[in-house]
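Next come the chains, spelled out residue by residue.
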Amino acid sequence: MNKQHSHIDKVGWQFDNTYTKLPDSMFSKLGPTPVKAPKVVIFNHALSKEMRLDFSNTSNEDLALTFSGNLLPKGSNTIAQAYAGHQFGHFTMLGDGRAIVVGEHISKNNKRFDIQFKGSGKTPYSRNGDGRAALGPMLREYIISEAMHNLGIPTTRSLAVVKTGETVMRETPLQGAVLTRVASSHIRVGTFQFTIISKDKNDLKTFFDYTIERHYPHIKNSKNPAIELLKIVTEKQILLITDWMRVGFIHGVMNTDNMTISGETIDYGPCAFMDAYDPETVFSSIDHHGRYAYFNQPSIARWNLERFAESLIPLIDDNKDKAIEMATEVINTFAEKYKKSWFEMMHKKLGLLGDNSKDEYLIIDLLSWMHQNKADYTNTFCFLMNENIQENKIYQNQGFVSWKQQWQERLKLHNNSQEKSLKLMRSVNPLVIARNHKVEEVLKEANNGDLNPFNDFLKVLEKPYEKQTKTSNYQFPVLSEKKYQTFCGT
Ligand code: AMP
Ligand code: MG
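Sequence order as written defines the numbering, with residues in each chain counted from 1. Starting at A for chains and at 1 for ligands, labels are handed out in the order in which the entities are written. Local features are withheld for residues below a pLDDT of 70 in this predicted model, meaning they are given only at 70 or higher, and side-chain atom pairs are given and counted only at 80 or more; totals for whole chains, interfaces and linings count all residues. Only hydrogens and water are set aside; all other atoms, that is, all heavy atoms of the structure, feed into the side-chain values.

(A) Geometry of the domain arrangement of the protein chain. Domain delimitation follows an automatic or database domain assignment. Domain boundaries in the protein chain define domain 1 (3-185), domain 2 (187-431 + 475-490) and domain 3 (436-474). With centres defined by C-alpha atoms, the gap from domain 1 to domain 3 works out at 24 Å. Every residue pair with non-hydrogen atoms within 4.5 Å of one another is taken to be in contact. Listed by partner, the interface residues are 13 residues for domain 1 and 15 residues for domain 3. Put simply, buried area is how much 1.4 Å-probe accessible surface two parts lose in total, over both of them, once they are put together. Note on domain 1 versus domain 3: buried area summed over both sides is about 1,200 Å², and carbon and sulfur give 70% of it. For salt bridges, the criterion is a side-chain nitrogen of Lys or Arg within 4 Å of an Asp or Glu carboxyl oxygen. Viewed at the interface, domain 3 and domain 1 are joined by 1 salt bridge. Here a polar contact means two N or O atoms within 3.5 Å. Within protein one must be a hydrogen donor candidate and the other an acceptor candidate, and residues neighboring in sequence count only if both atoms are side-chain atoms. On inspection of domain 1 and its partner domain 3, the count reaches 3 residue pairs in polar contact (both at pLDDT 80 or more). Under the DSSP-based scheme used, a helix requires at least four consecutive residues in state H or I and a strand at least two consecutive residues in state E, with every element numbered from the N terminus. Of all the secondary-structure elements, those providing two or more residues to the side of domain 1 that touches domain 3 are strand E3 (39-43) and helix H3 (135-150). The classification used treats Ala, Val, Leu, Ile, Met, Phe, Trp, Tyr, Cys and Pro as nonpolar, Asp, Glu, Lys and Arg as charged, and all other residues, Gly among them, as polar. When its residues are assigned to classes, the side of domain 1 that touches domain 3 shows 8 nonpolar, 3 polar and 2 charged.

(B) Highlighting the packing of helix H4 (residues 189-196) against helix H5 (residues 203-215). Note on definitions: angles span 0 to 180 degrees between N-to-C directions of axes, and those axes are lines fitted to C-alpha atoms, for helices only across the stretch in contact. Their axes nearest at 8 Å, the elements H4 and H5 cross at an angle of 150°. Classified by the interaxial angle, the pair formed by H4 and H5 is roughly antiparallel. Here H4 and H5 pass one another in a crossing that is right-handed. Mapping the contact onto sequence places Thr-191, Phe-192, Thr-195 and Ile-196 in H4 and Asp-203, Leu-204, Phe-207, Phe-208 and Thr-211 in H5. A breakdown of the residues in the contact of H4 with H5 according to their chemical character gives 5 nonpolar, 3 polar and 1 charged. An angle below 35 degrees is read as roughly parallel, one above 145 as roughly antiparallel, one from 65 to 115 as roughly perpendicular, and any other as oblique. Less than a right angle of anticlockwise turn of the near helix away from the far helix marks a crossing as left-handed, whereas a clockwise turn marks it as right-handed.

(C) Highlighting the coordination of the magnesium ion (ligand 2). Atoms are scored as donors when they are N, O or S and lie within 2.8 Å of the metal, with 3.2 Å used for Na, K and Ca; no water is included, so coordination may look incomplete. For the magnesium ion (ligand 2), the full set of protein donor atoms is Asn-258 (OD1) and Asp-267 (OD), and the range of their distances to it is 1.9 to 2.1 Å. Accessibility assignment for this pair places Asn-258 and Asp-267 in one class, buried. Each residue is placed in one exposure class: buried if its accessible area under a 1.4 Å probe, protein chains only, is under 20% of its type's maximum, exposed if it is over 50%, and partly exposed if it falls in between.

(D) Highlighting H4. In terms of burial, H4 is largely enclosed, as 7 of its 8 residues are buried. Among the residues of H4, those classed as buried are Val-189, Gly-190, Thr-191, Phe-192, Gln-193, Phe-194 and Thr-195. Residues of H4 that are buried make contact with strand E6 (84-87), strand E7 (90-93), H5, helix H6 (225-247) and helix H7 (297-316).

Listed below in structure tokens is the structure:
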């Protein structure tokens, strides 16, 4: 049993740990493994405020003890969650192999937050892993998840990174760290896949009821709650993937255990933002076949939703054939709904109001031009918003000039004005994204003990749609032709 804070808790923690009341097979009760010499590397004050927590009277030492897991907040009830999942298409039993859910914090304004330590030691689900995490990848998750949040994209968030004072062995010895992740829940498609193969046939129904009570209580009394849940998760994932496509985000490991029921982006491993537009962009070093490439993300989301639908079958109808038919009907709406969502998003990116029969060509022509000319995805839209970006010679290219003329003609339709278009474009086109080479640069400094570049970058990423004094420092696309890769050795 880990130690808990015994003094009166002035921080404002208030736990209501509902997950621990689920069937025993769904989690293991254990605490984080204490670490040698915890030190706070970064703490997210803005997020702690949103959670109505007050650490203003907490010393740095106590903060480090808390967010390393050495001293647990009062009322917590630590567990590792069990789940399964399709990894690169193959079904596997998984679970929190290096994470511990501390508990569910209820803020004073009545919001529920799952608090999880990532990198907190071995669990019964660790398989061959060491249960630990390295500083670089945890800071990487911190900066990218916060960047996503500030881009207005649903995501888990990062509250703190604490160095453990211990070494973790990867290809080389690295500094160990624990990330505190905050999520609306950690319920995944893979958690449902776990309950369906559980020995106790009631587990699926129990977990299903739990999930809708926690996330979507309004569907509880609907005619067919299981079908409603499938519809909601489908909608949420369509919106999420559309957002990813909008900002050129590539998740990298869209396994079913990395897809949430809440619609939040989860598990930032080998993810990255695309520089030059290339639909086949892959970042993960182990994704040899491009399964999780930029342009495959919608079809993979659909594939994952099929796996989700499969696990709901027994709850949809007693007649299996009928249940499959009903689930298939929902899944079959994916393509059309996604297409509509994507076109709406592209319309906004280009400031187009209303519909025009040639819009599809206009959009595809621009993407093809970007692809052929290796134009930077983010900066091309910045250029169209009259943003002064370096490296803009490419936009003098004849192909682009004539496309731009057509676009400007199209802009005039449907009572549009330049101001209206620009306003629309500015609301969806970021000026700055967490570019890979910049992320790597600031992580290198952070690893060497200098957090200033990391914090400067984080500051600019707080307002990605607004020009700030330092914005232009982060707008350069990667200059080398060398393919960027992120590794799973996180
Ligand atoms: P991820 O790629 O982060 O989605 O992780 C896939 C699975 O591997 C999950 O069950 C993780 O908990 C587990 N895992 C990843 N890294 C480690 C590690 N260092 N030790 C133990 N388990 C791990
Ligand atoms: Mg995962």
